[in-house]
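Residue-level structure breakdown
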Amino acid sequence: MFLQQIINGLTVGGVYALIALGYTLVYGILELINFAHGEIYMIGAYLGIIFLGIFTAAGLTQYSLFLSLFLTFVMSVIVCSAYGFTVEKLAYKPLRNAPRLNPLISAIGVSIFLQNYVMLTQGATDKVFPHVIPVTTVEFLNVTMTSLQIFIIIASLLLMAGLHLFIMKTKTGKAMRAVAQDKTMASLLGINIDRIISVTFIVGSGLAAVAGLMVAMYYGLVNYSIGYIAGIKAFTAAVLGGIGSIPGAMVGGLVLGLIESLGASYLSSEYKDAYAFIVLILILLVKPTGLLGKSGENRP
Amino acid sequence: MILEVRDLTKIFGGLKAIEEISFKVKRGIILSIIGPNGAGKTTLFNCLTGVLPSTKGHVLFEDEDITQRRPYEITEKGIARTFQNIRVFNSMTVLENVMIGQHSRSREGLLTAVLGTKKFQREEDEIRSKALEYLEFTGIQDYAATLAENLPYGDQKRLEIARALATEPELLLLDEPAAGMNPQETMALMELIKKIREWGKTVIIIEHDMKVVMGISDWIIVLDHGVKIAEGTPNEIQNNPYVIEAYLGKEEVDLLS
Amino acid sequence: MKKVLFMFWCALLSMPFMGIKGGAYLFVGICVSYGVYVLLAHLFGKIKKPAIPVNTKLLSTAFIAFAFILPFLIKDYYTDVAILVCIYIILALGVNIVVGFSGLLHLGFAAFYGIGAYSNALLTTHFGLGFWSALPLTLLFTSMAGLLLAFPALRLKGDYLAIVTLGFGEIIRLVLNNWDSVTRGPNGISNIPSPFILGFEISNLMYYYYLVLGFVLIAAFIVKRVYHSRTGRAWLSIREDETAAEAMGINTRKYKFMALSFGAFWAGLAGALFASKMHFVSPESFSFMESVFVVCMIILGGLGSIPGVILGSLILVLLPEVLRDFQLYRMLALGVGLVLMMIFRPQGLIRKN
Ligand SMILES: Nc1ncnc2c1ncn2[C@@H]1O[C@H](COP(=O)(O)OP(=O)(O)OP(=O)(O)O)[C@@H](O)[C@H]1O
Ligand SMILES: [Mg+2]
């Protein structure tokens, strides 16, 4: 029972972590809570269903399930990243020097827009993810794991590792860290800030797309409203780990997933969605810098 | 003594912004604090006014320990300040800005405001007329109805002084009031500061312009790298070898002229 | 050319969702509306807006007079809408104290609105109180809730505050939704009685309209008085610059507490009026979207401006009612509106000075 909840928690936690990375990356660079990020994840989930539908209609799925799924992932990530990129250009870039709350309000506007845009074009009812993936289960120490769960946990861990390498090793990644440290300094060093910000949104949205697709496969259903709650939870995960910190987002996501699944089974499942908020409020009050965040003096 | 500072220290992370600074301030003088950029002058002000909590040490104002007090309490006790990078209330009028300065010298609350009692009206009129006085004193009365953000730079600095005076302080802290002003404006500002001293108030001023400093100070404290390296009369400071060394190659000429 | 390319890019992005035809229509649509916009901007750009000297006293008197004869001019259905507008104005005035005056972006105000509505509902149905005897208790509860939330929220700044208040709002909604024994969960509470005045039941729409209109006038009067007082100035200074406000001798923590509980007070009143108007409450009326909707009203009207709040509530409640076919696109437009507003006119439609 307990181990089972751990596995379930890790599965959901991996997804939260992937979305949380998007929040943390953007916050680290722009100090903006990208409220629309949850919607980007939702769009990723829809794109997965749409592209898989197209590939199935074209006969590709029947020909090779693996190829079809792979292409679905690739296309969803590309289009979703394009969405993230475009949102930044349209709704945040013009506000870069505005008072801090203005871009946040703009982000809320984007979030409302995207939610209703998907509702109007795709309908308000749940969309079903096509049943194309054969589900096998693995029994181990009284714990049942589905192949999907294993896939999700492994894929999230791989992506996080990949992101870590990208940030630490590549030139673009290093530039991102420099911009997060000090924008003025970075631009003096000849780093193109606009480009780095775009890359940040693209990477964050790509990760969210993968998260969306995996959730769509895991639950088999998506709805235009899933972005809001997932967004809040992932944001909580980011804050929990220490917003702006990439390992923090990963740890935060996994911890939140565990708290939720253990809380739901041992405390009360009705308030499952409230745990994230309670954790969020507590962490902000007790240790606003999060588990792995650096503490720093606020300038007056 | 109106102010006494004992071993005041402020550490940011690992950086000692000010270190074991001690000094006393006589009532009714103009004291200048000078030192190169990053010496810790503004940090000293922030610690005196409670904007930043100090790491160690004590601040005594009129023989009362005010070290860990909140900024608004310190203002109530009689210390007011201006900021190095202007912090006027942008989207309020100049008059309203100064009226806010009167906050701690007035009492009326929510209920009497809603009822519009006589006492409320009287206090409101008083706040307004006093605010106008301070505007006149600083010479920006013509702008009373203008939004603060629309004021020219120099006048925003005056507004900050008017606003600080409106809190009716005994001790006034001015952080680089002459920065960015042209020579005429600077002259007028010096006159203004002298007038404030004539009122019996004590003024501490951070300033880079040595002509201003030497012209108006009764006493000077020199900071460098967070440490007090000298204090004395303008004459003593001008001839102090440590000070000259601290400023060497930069403002040496200024200092000696 | 770059702009057209960008529009093409957007249309391309919409294709997975709208189909190829939909995307093409969208492309033509945005191109045409952009063309119209450029044309209009060109035509009107040259005309300098004349600074019309508005006599605010006269204008507001006329407005109030109009509000008084309104029910005689319109159908019952629209009286119903007018009541809703009034309730939203009261709610928005409360939010305006917190968000507009004090600059604390609060995204959970629907919680106070909900607490007000549920207090009224429970006190009148469970405990058999009348509207008027329940009202002081309701207002007390909501003001206390405002104070209570202030404790955690005031240690945070800016966008963190926004998120925490959002979380608070959601927790309250989840409690309303799940505490079945008291709130009857998602089914809500029905049979909430109408108010009585001198033994006379205010059940008729027109009478209820005059009741809420009375409350609107009282609320607007009180908020205006406070705005022009020492307290109001203290709130504004916190919005403008918290550090400078402290340095002016303002106990910013105390004034934030005051703003939150005073704002919650009006939300509670709005909630009570809403409950006794609808005779029914359920958690879904107090969702996050509701909080955002009210914040939108005051942003649209102009943060901190009382006429702005009224205008904003009028527009956002009336527009979808007047343009019925528009209903479906209401939220879509709201989202776009917020973004455009932030980019082109962050100070709102009405701005002082
Ligand atoms: N809030 C803060 N957090 C971290 N470091 C700070 C903070 N405020 C000041 N410092 C650092 O403390 C040192 C002293 O700064 P301070 O602003 O007091 O210098 P200053 O003497 O006023 O310089 P200037 O003449 O440029 O105004 C600097 O190295 C500065 O970077
Ligand atoms: Mg300084």
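If you're wondering where the values come from, they're calculated on a predicted model, not measured in any experiment.

Let's shift gears to the overall build of chain A. Within chain A one finds 12 helices and four strands. For 300 residues, the compact-globule estimate of 2.2 N^0.38 gives 19 Å, and chain A sits close to it at 19 Å. The dimensions of chain A, computed from C-alpha atoms along their principal axes, are 55 × 45 × 40 Å. Counting every position in chain A, which comprises 300 residues, the buried fraction comes to 56%. The long-range fraction of contacts in chain A, counting pairs at least 24 apart against all pairs at least 6 apart in sequence, stands at 76%. With the model as given, the accessible surface of chain A reaches about 12500 Å², and the carbon-plus-sulfur share is 67%.

Before going further, it helps to examine the packing of helix α12 (residues 272–286) of chain A against helix α6 (residues 158–178) of chain C. α6(C) packs onto α12(A) with a crossing angle of 145 degrees between their chain directions and a minimal axis gap of 9 Å. Along this stretch, α12(A) crosses α6(C), giving a crossing that reads as left-handed. Contacts between α12(A) and α6(C) involve Asp273(A), Ala274(A), Phe277(A), Ile278(A), Leu280(A), Ile281(A) and Leu284(A) from the first element and Tyr160(C), Ile163(C), Val164(C), Leu166(C), Gly167(C), Phe168(C), Glu170(C), Ile171(C) and Leu174(C) from the second. Residue composition of the contact of α12(A) with α6(C), grouped by class: 13 nonpolar, one polar and two charged.

All names here are of chain C. As for its position among the elements, Leu123 is in helix α4 (residues 109–125). Residue classification places Leu123 among the buried residues on the basis of a relative accessible area of 9%. A C-alpha to C-alpha distance of 13 Å links Leu123 and Leu273, two positions 150 residues apart in sequence. With residues near it in sequence (within four places) discarded, Leu123 still touches Gly128, Leu129, Ala134, Leu137, Thr138 and Phe141.

A few words on the interface of chain C and chain A. Between chain C and chain A, the contact holds 46 residues from the first and 52 residues from the second. Where chain C abuts chain A, roughly 4300 Å² becomes buried across the two surfaces, and 80% of that area is made up of carbon and sulfur atoms. Three residues, Phe17(C), Asp159(C) and Tyr160(C), lead the burial of chain C against chain A; their summed loss comes to 18% of the area buried on that side. Here chain C and chain A share zero salt bridges between them. For the interface between chain C and chain A, the tally reads four residue pairs in polar contact (both at pLDDT 80 or more). Elements supplying a minimum of two residues to the side of chain C that touches chain A: α1 (2–45), α6, α12 (288–301) and α14 (330–344) of chain C.

In terms of nonpolar packing, the biggest core is built from 225 residues, with Leu21(A), Tyr41(A), Ile43(A), Tyr92(A), Phe17(C), Trp266(C) and Leu273(C) touching the most fellow members. The biggest single contributor to this core is helix α3 (residues 76–101) of chain C, with 17 residues. Those residues in contact with Leu273(C), other than ones at most four positions away along the chain, are Ile87(C), Ile90(C), Phe131(C), Tyr208(C), Leu211(C), Val212(C) and Phe215(C). Membership of the second largest hydrophobic core comes to 35 residues, among which are Leu95(B), Phe137(B), Ile140(B) and Ile216(B).

Let us look at the pattern of salt bridges. The final tally for this structure, using the stated rule, is 24 salt bridges over all chains. Measuring nitrogen to oxygen at the nearest pair gives 3.6 Å for the salt bridge that ties Glu19(B) to Lys16(B). Between Glu64(B) and Lys77(B) there is a salt bridge, and its shortest N-O distance comes to 3.2 Å. Within this pair, whereas Glu64(B) is found in strand β5 (residues 64–65), its partner Lys77(B) is found in helix α2 (residues 71–77), the two being separated by 13 residues in sequence. Judged by relative accessible area, which is 32%, Glu64(B) ranks as partly exposed. With a relative accessible area of 29%, Lys77(B) lands in the partly exposed category. Among the charged side chains, a salt-bridge network with shared partners connects Glu88(A), Lys89(A), Lys93(A), Arg96(A) and Asp194(A).

Conventions and cut-offs
- Residues numbered from 1 in each chain as written.
- Chains lettered and ligands numbered in written order.
- Predicted model: local features only at pLDDT ≥ 70, side-chain atom pairs only at ≥ 80, totals over all residues.
- Heavy atoms only, no water.
- Helix = DSSP H or I, 4+ residues; strand = E, 2+ residues; numbered from the N terminus.
- Rg over C-alpha atoms; globule rule 2.2 N^0.38 Å.
- Buried < 20%, exposed > 50% of the residue type's maximum accessible area, 1.4 Å probe, protein only.
- Contact = heavy atoms within 4.5 Å.
- Areas by Shrake-Rupley, 256 points an atom, 1.4 Å probe, with all protein chains shown as cover.
- Axes fitted to C-alpha atoms, helices over the stretch in contact; angles between N-to-C directions.
- Left-handed = near helix turned anticlockwise from the far one by under 90°.
- Nonpolar A, V, L, I, M, F, W, Y, C, P; charged D, E, K, R; others polar.
- Buried area = accessible area lost by both parts, 1.4 Å probe.
- Salt bridge = Lys/Arg side-chain N within 4 Å of Asp/Glu carboxyl O.
- Polar contact = N/O pair within 3.5 Å; in protein donor to acceptor, adjacent residues only side chain to side chain.
- Core = buried A, V, L, I, M, F, W, Y, C linked by side-chain atoms within 4.5 Å.

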